[in-house]
Amino acid sequence: MQYKSQSVAKLYFIAAIGLFVAQILFGLVMGLQYVMGDFLFPHIPFNVARMVHTNALIVWLLMGFMGAAYYLVPEESETELFSPKLAVLMFWIFLVAAALTVVGYLLVPYAGLAKLTGNDLLPTMGREFLEQPLPTKLGIVVVALVFLFNITMTVLKGRKTSISIVLLLGLWGLAIFFLFSFYNPDNVVKDKFYWWWVVHLWVEGVWELILGAILAFVLIKVTGVDREVIEKWLYVIVTLTLITGIIGTGHHYYWIGTPEYWQWWGSIFSALEPIPFFAMTLFAFNMVNRRRREHPNKAATLWALGTGVMSFLGAGVWGFLHTLAPVNFYTHGTQITAAHGHMAFYGAYVMVVLTMISYAMPILRGRAANSNKAQVMEMWAFWLMTVAIVFITLFLTAAGILQVWLQRIAATPMSFMDTQDKVALFYWMREWAGVVFLIGLLVYIWSFFCKGEDKTAA
Amino acid sequence: MAGTFTTSMARNIFFGGTIFFLLVFLALTFQNEQIIPQRDQRAQLAANPAIAAGKKLWETNQCIGCHTLLGEGAYFAPELGNVYKRRGPEFIKAWIKTQPTNTPGRRQMPQFNFTEQQLDDLTAFFKYVSEINTSNWPPNIEG
Ligand code: HEM
Ligand code: HEM
Ligand SMILES: [Fe+2]
């Protein structure tokens, strides 16, 4: 570790992994409820499990991004963090807010939680992914602003690299678009329209900048390729991202009451969105092939390559699959959507955070890389989780195709619930793949405690 | 990517390209706001306060955590954007009142203990949503 203040990242990474476990456990609960409908009912209804699953995901990814920024920015800026104390304080505020929110979801009926937390003052709750009570939402804003202040001041007082500029833009964009979560008009069409300014403009916009910057940073470190080359790639990738992804938002404006011209704009621009993801794949492999050093951390390199491939598959290929309006007409809001959501979130954002953790954590613990044994274990975890998500995606895709056929295309369409019964076999297989995912995650955590000869001190 | 293509050129293309496409997107959004009044049933919304009350109930009971509404939400339970047309108001109210079914193994919907007034607000909301012009989505009445 070159700068002492980088060590705050460790807190964020540990909490991120903890929430990751919670996310997966609630995923498995829901997976079971898909086939055993009354499982844990009425104690944990499906919607509650789902909130925990998706909100834990978002919060742990945000924690991962923040940890990554606290690690990366001092090193890029060649200076200590502006205020490590503030970073630690914000960590605890964020963690306590997240924990209280989850406890609230689990213990208080949602309508009661809404009343208790002042939703009447400014109704923002009860929309997908934005279920958090008002105080939590405000807490996120405060934590994000203080975090951005801290990081921005660090960059301003030190060296300004392309990586930190792209990262900062991504993080500022993240905070700014989150503000649309406070806009909740009675008009359903407008509500939905601007809801996507948070959701889509995050994952297919500003988050990709964060993804690119983190990947570029780790690739510089593990391959030793010239910064000049890597930063040029980074700019090309994020350019492609935003020129396709911003107007690509239109792929959500086909059937929600918005004008029909979006079917053209959305289809054309979002069909180009896989290009930056493909560029990311090429980028990762190219840099690793042109490496000028053999970094002892093989696991981190594997995660970086994995991010390149899986983000292209999940976001690029599975996104393209249902993005053209005539296709989306049939697939909109089916298991196809869920299949894509899983592989895209995992391949892009889970993997890039794990890439950063894999690279930085050994150094934060005082060594350049983990022992061979620990790395082998981590690589096992990589394959278990990655193969499991591929199968989850394939099973959900199969379920989705059948669902579309039975419920939306067949001459005598079946009802939703009858269709669900017909495809139950695939939900069972998804649940088993989920169990493998959990095993992979446990192996991953175990790898942190694996003893063995450490590679040279950092 | 060698030779004459420098990092600062790449950066300029990034900023220029982003700003340009952002402006196009904002123009499309502006156009969108001009057109949606013909499609989003805002006259109904203004005339009948029950709709907004129904939307609030929809939100504060987190219905979106199991159902889709115009294809967005969770995929555990049926689409409700067109439920008003599929089932009609009386069926909807009776259904909500009799949950959960407690059929073993079947997916369960909670009991929300709504008043008659609240049930009417919810059906007003469903009626309004079902009349939004969605370019003929969903493909059929099953949603
Ligand atoms: C890493 C990037 C991405 C992530 C994390 C992601 C994630 C998601 C998620 C979670 C949803 C479901 C949203 C909901 O609940 O309603 C979704 C929907 C969708 N995504 Fe992505 N996505 C990514 C990239 C892409 C790309 C590049 C494309 C197109 C090429 C795409 C096309 C779509 C479409 C068309 C839908 C709507 C599905 C529907 O109509 O039900 N996505 N995405
Ligand atoms: C053990 C593994 C997992 C299981 C069994 C599981 C199960 C589920 C289920 C049942 C849903 C709800 C689908 C619905 O609304 O009907 C869901 C939603 C979701 N899960 Fe998972 N999940 C798992 C792992 C993951 C992972 C690793 C990620 C992210 C990397 C993830 C991200 C999501 C997202 C983004 C949604 C919302 C999808 C959408 O709105 O389209 N899940 N999951
Ligand atoms: Fe999107």
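Residues numbered from 1 in each chain as written. Chains lettered and ligands numbered in written order. Predicted model: local features only at pLDDT ≥ 70, side-chain atom pairs only at ≥ 80, totals over all residues. Heavy atoms only, no water.

**Observations concerning the site of ligand 1**
Near ligand 1 you find 27 residues, and of these A:Glu128, A:His332, A:Gly333, A:Thr337 and A:His340 are the closest. At ligand 1, the nearby residues belong to more than one chain, namely chains A and B. Separating an oxygen atom of ligand 1 from a side-chain N or O atom of A:Asn328 is a distance of 2.8 Å. Within the side chain of A:His340, a nitrogen or oxygen atom sits 2.8 Å from a nitrogen atom of ligand 1. Elements that contribute at least two residues to the shell around ligand 1 include exactly helix 7 (188-223), helix 10 (274-289), helix 11 (298-321) and helix 13 (335-364) of chain A. When grouped by side-chain class, the residues that make up the shell around ligand 1 number 12 nonpolar, 12 polar and 3 charged. (Near = heavy atom within 4 Å. Polar contact = N/O pair within 3.5 Å; in protein donor to acceptor, adjacent residues only side chain to side chain. Helix = DSSP H or I, 4+ residues; strand = E, 2+ residues; numbered from the N terminus. Nonpolar A, V, L, I, M, F, W, Y, C, P; charged D, E, K, R; others polar.)

**Details of the coordination of the iron ion (ligand 3)**
Residue and element names in this part refer to chain A. Within the protein, the atoms that donate to the iron ion (ligand 3) are His200 (ND1), Glu204 (OE), His251 (NE2) and His252 (NE2), at distances of 2.1 to 2.2 Å. Each donor residue of the iron ion (ligand 3) belongs to the same chain, and together they define the spacing H-x3-E-x46-H-H. The exposure class of His200 is buried, given its relative accessible area of 0%. Residue class for His252 comes out buried when judged on its relative accessible area of 16%. (Donors = N, O, S within 2.8 Å, 3.2 Å for Na, K, Ca; no water. Buried < 20%, exposed > 50% of the residue type's maximum accessible area, 1.4 Å probe, protein only.)

**So, the packing of aromatic side chains**
Under the counting rule described, the total for this entry stands at 59 aromatic pairs over all chains. Ring centres of A:Phe178 and A:Phe182 lie 6.1 Å apart, and the angle between their planes is 80°; this geometry places the pair in the edge-to-face category. The same class applies to A:Phe178 as to A:Phe182, namely buried. Between A:Tyr254 and A:Trp255, the aromatic rings sit 5.6 Å apart at their centres with planes inclined by 70°, giving edge-to-face as the arrangement. Residue A:Tyr254 is classed as buried on the basis of its relative accessible area, which comes to 1%. Taking the relative accessible area as the measure of exposure, A:Trp255 reaches 5% and is therefore buried. Ring pairs connect the aromatic residues A:Phe177, A:Phe180, A:Tyr183, A:Phe193, A:Tyr194, A:Trp197, A:Tyr253, A:Tyr261, A:Trp262 and B:Phe25, which therefore count as one cluster. (Phe/Tyr/Trp six-rings, centres within 6.5 Å; stacked < 30°, edge-to-face > 60°.)

**Concerning the side chain of B:Thr134**
In this structure, B:Thr134 sits in the segment after helix 6 (116-130). A relative accessible area of 9% places B:Thr134 in the buried class. When neighbours within four sequence positions are excluded, B:Thr134 is seen to be in contact with A:Tyr254, A:Trp255, A:Gly257, B:Arg39 and B:Leu70. (Contact = heavy atoms within 4.5 Å.)

**Here's the deal with the coordination of the iron atom of ligand 2**
All names here are of chain A. Protein coordination at the iron atom of ligand 2 comes from His53 (NE2) and His342 (NE2), with a distance range of 2.0 Å. Considering all 6 donor atoms around the iron atom of ligand 2, angles at the metal cover 84 to 179° and the coordination shape is octahedral. Pair noted here: His53 is in helix 2 (residues 46-77) and His342 is in helix 13, with a separation of 289 residues, a long-range link. Taking the relative accessible area as the measure of exposure, His53 reaches 12% and is therefore buried. (Tetrahedral: all angles 85-135°; square planar, octahedral: opposite > 155°, others 65-115°.)

**Section: helix 1 (residues 7-35) of chain B**
Counted at 1.5 Å a residue, the expected span for helix 1 of chain B with its 29 residues is 42 Å, and the 42 Å between its end C-alpha atoms agrees. Every buried residue of helix 1 of chain B is listed here: B:Thr7, B:Ala10, B:Phe14, B:Gly17, B:Thr18, B:Phe21, B:Val24, B:Phe25, B:Leu28, B:Thr29 and B:Asn32. Those residues of helix 1 of chain B that are buried are in contact with helix 6 (162-178), helix 7, helix 8 (227-248) and helix 9 (261-271) of chain A. (Expected span 1.5 Å × (residues − 1).)

**Let's talk about the interface of chain B and chain A**
Residue-level contacts link 71 residues of chain B with 85 residues of chain A. Between chain B and chain A, the buried area comes to about 6,700 Å², and carbon and sulfur atoms account for 65% of it. Sorting the residues of chain B by area buried against chain A places B:Phe14, B:Phe25 and B:Tyr75 first, and these three jointly supply 12% of that buried surface. The tally of links between chain B and chain A comes to 5 salt bridges. Here B:Lys56 makes a salt bridge to A:Asp120, at a shortest N to O gap of 2.6 Å. (Buried area = accessible area lost by both parts, 1.4 Å probe. Salt bridge = Lys/Arg side-chain N within 4 Å of Asp/Glu carboxyl O.)

**Quick look at the domain arrangement of chain B**
When cut into domains, chain B gives domain 1 (8-38) and domain 2 (40-102 + 113-143). Each of domain 1 of chain B and domain 2 of chain B has a C-alpha centre, and these two points are 34 Å apart. (Domains from an automatic or database assignment.)

**Description of the packing of helix 7 of chain A against helix 10 of chain A**
Residues and elements named next belong to chain A. It is at 10 Å that the axes of helix 7 and helix 10 come closest, and there the two elements cross at 10°. With respect to helix 10, the element helix 7 is oriented roughly parallel. Contact with helix 7, carried on its side by Glu208, Leu211, Gly212, Leu215, Ala216, Leu219 and Thr223, involves Pro276, Phe277, Met280, Phe283, Ala284, Met287 and Val288 of helix 10 and no other residues of that element. The class makeup of the residues in the contact of helix 7 with helix 10 is 11 nonpolar, 2 polar and 1 charged. (Axes fitted to C-alpha atoms, helices over the stretch in contact; angles between N-to-C directions. Parallel < 35°, antiparallel > 145°, perpendicular 65-115°, else oblique.)

**A look at the site of ligand 2**
Inspection of the region around ligand 2 gives 28 residues, with A:Tyr34, A:Arg50, A:His53, A:Glu128 and A:His342 positioned closest. The residues that come close to ligand 2 belong to more than one chain, namely chains A and B. Take A:Glu128: an N or O atom from its side chain is 2.9 Å from an oxygen atom of ligand 2. Contributions of two or more residues to the shell around ligand 2 are made by helix 1 (8-35), helix 2, helix 13, helix 14 (372-409) and helix 16 (424-447) of chain A. Of the residues contributing to the shell around ligand 2, the split by class is 17 nonpolar, 7 polar and 4 charged.

**Let's talk about the packing of helix 13 of chain A against helix 14 of chain A**
All names here are of chain A. As a packed pair, helix 13 and helix 14 sit with axes 7 Å apart at the nearest point and diverge in direction by 165°. Overall, the two elements helix 13 and helix 14 adopt an arrangement that is roughly antiparallel. When the axes of helix 13 and helix 14 are compared, the crossing they make is left-handed. Class assignment of the residues belonging to the contact of helix 13 with helix 14 gives a composition of 15 nonpolar, 8 polar and 1 charged. (Left-handed = near helix turned anticlockwise from the far one by under 90°.)

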